[in-house]
Amino acid sequence: MLLADMKSTVKSSKKIALSGMLSALNILIMFIGSVFQSMDLTAAAAASLTIAFAMVELGTRYAVSIYAVSSVLTVLLLPYKSPGIIFAVFAGLYPILKAYLQRIPNKWLALIAKLAVFNLFFTAIIAAGMYLFMLDDDFYSFKLVVYLLGNLTFVLFDIALDRLIQLYVVKIKKIFDRTFKLR
């Protein structure tokens, strides 16, 4: 019984350490997006991949923890807040929600639900950027073209995220599981 408890503690410690490394990686990715301001959307999207990875490998509880830590620290520490806002309000949370939205049996209903979630969060991002952080940027405006381009970008992001998760699960997960033995 003692051996089983020790193995459980080691696995839990590995998960916590991996969570810390993923949080640090998120902050680094978004810091790069903050320094090179034209990469703010790209940085937030790239950082969201670590949350998707955490959902696959660690589960919802750890993914939410990584999301929360990364969101708070990036909004507080980044010199240019846009990547942090985008990650905190949408890109970091979406891979967690996606795992549940994918379970909707009807694909069209699932797509409508995803678009509704996106537009809710997109409006929150624009409002936070304009009114809370006083960012003066064309991205932060309530214009139809901004919403149309945002929705198109979201659909492409969702497809890319699906494909990257599938690639990880099919090709890379076995190697990760053999190497790190988290389960």
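Here the structure is a predicted model, which means the values were calculated and not measured.

Scoring rules and cut-offs
Residues numbered from 1 in each chain as written. Predicted model: local features only at pLDDT ≥ 70, side-chain atom pairs only at ≥ 80, totals over all residues. Heavy atoms only, no water. Helix = DSSP H or I, 4+ residues; strand = E, 2+ residues; numbered from the N terminus. Rg over C-alpha atoms; globule rule 2.2 N^0.38 Å. Contact = heavy atoms within 4.5 Å. Areas by Shrake-Rupley, 256 points an atom, 1.4 Å probe, with all protein chains shown as cover. Phe/Tyr/Trp six-rings, centres within 6.5 Å; stacked < 30°, edge-to-face > 60°. Buried < 20%, exposed > 50% of the residue type's maximum accessible area, 1.4 Å probe, protein only. Polar contact = N/O pair within 3.5 Å; in protein donor to acceptor, adjacent residues only side chain to side chain. Patch = residues over 30% accessible without salt bridge, like charges linked within 9 Å, V, L, I, M, F, W, Y side chains within 5 Å. Salt bridge = Lys/Arg side-chain N within 4 Å of Asp/Glu carboxyl O.

**Student:** Help me understand the overall build of the protein, please; the structure alone is not making it clear to me.
**Tutor:** Each helix and strand in the protein was counted, giving seven helices and zero strands. Tracing the protein from N to C terminus, the helices and strands come up as α-α-α-α-α-α-α. For the protein, the C-alpha radius of gyration of 18 Å lies close to 16 Å, the compact-globule estimate for 183 residues. By its C-alpha atoms, the protein is 60 × 40 × 25 Å across when sized along the principal axes. Across the protein, the fraction of contacts at a sequence separation of at least 24, relative to all contacts at a separation of at least 6, is 70%. Split by element, the accessible area of the protein, about 10600 Å² in all, is 73% carbon and sulfur.

**Student:** How should I be thinking about the packing of aromatic side chains in this particular structure?
**Tutor:** For any two aromatic rings, the description comes down to two numbers: the centre-to-centre distance and the angle of the planes. Overall, the coordinates contain 13 aromatic pairs when judged by the stated rule. Aromatic ring contacts, followed pair by pair, group Phe90, Tyr94, Phe118, Phe121, Phe122, Tyr147, Phe154 and Phe157 into a single cluster.

**Student:** It is not clear to me how the side chain of Thr50 should be interpreted in this structure. Could you clarify?
**Tutor:** Within the element layout of this structure, Thr50 appears in helix α2 (residues 40-57). Under the relative-accessibility criterion, Thr50 is labelled buried at 7%. Separated by 2.4 Å, the side chains of Thr50 and Asn26 make a polar contact. Those residues in contact with Thr50, other than ones at most four positions away along the chain, are Leu22, Leu25 and Asn26.

**Student:** Would you take a moment to explain a nonpolar patch on the surface for this structure?
**Tutor:** Taken together, the side chains of Leu25, Leu28, Phe31, Ile32, Val35, Phe36 and Met39 present a nonpolar region at the surface, about 610 Å² in accessible area. By relative accessible area, which is 37% here, Leu25 ends up partly exposed.

**Student:** So what exactly am I meant to see when it comes to the pattern of salt bridges here?
**Tutor:** Oppositely charged side chains can pair when the atoms bearing their charge come close. All chains considered together, the criterion is met by four salt bridges. Asp158 is the salt-bridge partner of Lys98, the closest N and O atoms lying 2.5 Å from each other. Highlighted residues: Lys98 in helix α5 (residues 94-101) and Asp158 in helix α7 (residues 144-180), separated in sequence by 60 residues. For Lys98, a relative accessible area of 3% puts it in the buried group. Its salt-bridge partner being Lys114, residue Asp158 comes within 3.1 Å of it at the nearest N-O pair. Of the two residues, Asp158 sits in helix α7 while Lys114 sits in helix α6 (residues 107-132), which places them 44 residues apart along the sequence. Each of the two residues, Asp158 as well as Lys114, counts as buried. Connected via shared salt-bridge partners are Lys98, Lys114, Asp158 and Asp162.

**Student:** Sorry, what's going on with the environment of Met39 here?
**Tutor:** The topology assignment puts Met39 in the loop between α1 (2-35) and α2. Using a relative accessible area of 34% as the deciding quantity, one classes Met39 as partly exposed. Taking the C-alpha atoms as reference points, Met39 and Ser12, 27 residues apart in sequence, are found 35 Å from one another.

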